[in-house]
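Structure at a glance
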Amino acid sequence: MSEIHNLATSDLRIEKLEAGYGSIKALHGVSLVVHSGQIVSVVGRNGAGKSTLLNTACGLISASSGSVSIGNVELTGSAPYQITQRGLALVPEGRCVIAPLTVKENLELSKSAGRSKYDEMMTWVFDLFPRLFERKSQLAGSLSGGEQQMLAIGRALVTNPDFLLLDEPSMGLAPIVVDKVFESLIQINNEGIPMLLVEQDVMLASAVSDYMYVLHQGVVVAEGVPDELMNNDALNTAYLG
Ligand SMILES: Nc1ncnc2c1ncn2[C@@H]1O[C@H](COP(=O)(O)OP(=O)(O)OP(=O)(O)O)[C@@H](O)[C@H]1O
Ligand SMILES: [Mg+2]
């Protein structure tokens, strides 16, 4: 696969990012970095600002200040389709597959992202998720939750991203299905795609991450490698109040 995917050689950098909804500010200057090859996670409880962070990075929400960049390419202020073209792909919270379209049609939508190696990436997605291949003519709305999550991940991969952003891929799935989804994430990362993963489940995130950030009320209150962070009081404060 390394010959199919262009390995990212730059970092994804989020600096002092601020964003919100009208007068409600949800991010108060969040900074983080994802180095090439890494899985970095952002953990935090409901309402911490995790989805706002990913959606702002992808241009779905406008940043009021701060920046998002890959290497020296600035993404802030660009439209979502331009950000996808520059290498950032989002697997959104709740999966957001297009229910009345088939699996294959959902994946084909990513062709409009206009990135390279579309055919190779389609083949790779079907290799990664044979379940999707078997069901390529099935309507996405009739897939199980786990299959829909695979489809959401597949749809992002077909854009041939330099970085994958994942918003709570474990949400609403049975533990055994979560394990399968996370095994695929590790496999995808091993093939050279770095990830920024948002999770409420700290144990799950710590098991796969190279580095972690704890977000609390729109502020990074702790960060570190998983082993260190699991003993940090700020983690308990962020979760237990
Ligand atoms: N569309 C919106 N309009 C107004 N406020 C919003 C909107 N979406 C989110 N918020 C607020 O922004 C803050 C951060 O929400 P966000 O969805 O980013 O949190 P989260 O960490 O993703 O939570 P969860 O784990 O429940 O998905 C919360 O206070 C939330 O109420
Ligand atoms: Mg969320």
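For the structure itself, look to the data block above.
This write-up is about the structure you can find in this document.

Each value, and the rule that gives it
Numbering of residues starts from 1 in each chain and follows the order in which that chain's sequence is written. Chains carry letters and ligands carry numbers; both start at the beginning, A for chains and 1 for ligands, and go up in the order they are written. Per-residue local features of the predicted model are confined to residues with pLDDT of at least 70, and side-chain atom pairs are confined, for both listing and counting, to 80 or more; whole-chain, interface and lining totals are unaffected and use all residues. Excluding hydrogens and water, the side-chain figures rest on all heavy atoms present in the structure. Two rings belonging to Phe, Tyr or Trp (six-membered ring only in the last case) form a pair when the distance between their centres is within 6.5 Å. Interplanar angles under 30 degrees mark stacking, angles over 60 mark edge-to-face geometry, and anything in between is tilted. Type-normalised accessible area, obtained with a 1.4 Å probe on protein chains alone, sets the label of each residue: buried when under 20%, exposed when over 50%, and partly exposed for intermediate values. The numbering of helices and of strands both runs from the N terminus, where a helix is a DSSP run of H or I of at least 4 residues and a strand a run of E of at least 2. Residue contacts are counted whenever heavy atoms from the two residues lie within 4.5 Å of one another. Here a strand pair is declared whenever DSSP counts at least two bridges between the two strands. For every element, the axis is a line fit to its C-alpha atoms; helices are fit only across the contacting stretch, and the angle between N-to-C directions ranges from 0 to 180 degrees.

1. With respect to the packing of aromatic side chains
Aromatic rings in a pair are described by how distant their centres are and how their planes are angled relative to each other. A full pass over the atoms with the stated rule returns two aromatic pairs. Aromatic pair phenylalanine 126 and phenylalanine 133: ring centres 5.4 Å apart, planes at 70 degrees, arrangement edge-to-face. Assessed through its relative accessible area of 12%, phenylalanine 126 is described here as buried. On the basis of an interplanar angle of 70 degrees and a centroid distance of 5.3 Å, the ring pair of tyrosine 211 and tyrosine 213 is categorised as edge-to-face. By relative accessible area, tyrosine 213 is classed as buried at 4%.

2. Regarding the environment of alanine 48
Tracing the backbone through its elements, the reader meets alanine 48 in the loop between strand 3 (39–43) and helix 1 (50–57). A relative accessible area of 4% means that alanine 48 is categorised as buried. Taking the C-alpha atoms as reference points, alanine 48 and tyrosine 239, separated by 191 residues in sequence, lie 9.7 Å from one another. Those residues in contact with alanine 48 that lie beyond four places of it in its chain are Ala26, Leu215, His216, Gln217 and Gly218.

3. What about the sheet that holds strand 3?
If you walk across this open sheet you meet the six strands as 6-7-8-3-9-10, and the pairing is mixed. Looking at which strands have only one partner, the edges of the open sheet turn out to be strand 6 (88–91) and strand 10 (219–224). Each strand of the sheet is rotated relative to its neighbour by a mean of 20 degrees, with strand direction disregarded. Of the pairings in the sheet, the one linking strand 3 to strand 9 (residues 211–216) comprises four bridges and is parallel in character. Counterpart to valine 40 in the pairing with strand 9 is tyrosine 211. Helix 1 rests against strand 3, strand 6, strand 7 (163–167), strand 8 (195–199) and strand 9 of the sheet, and its axis sits at about 150 degrees to strand 7. Where helix 6 (residues 145–157) meets the sheet, its contacts fall on strand 6 and strand 7, and the angle it forms with strand 6 comes to roughly 170 degrees.

Keep in mind these values describe shape, not function.
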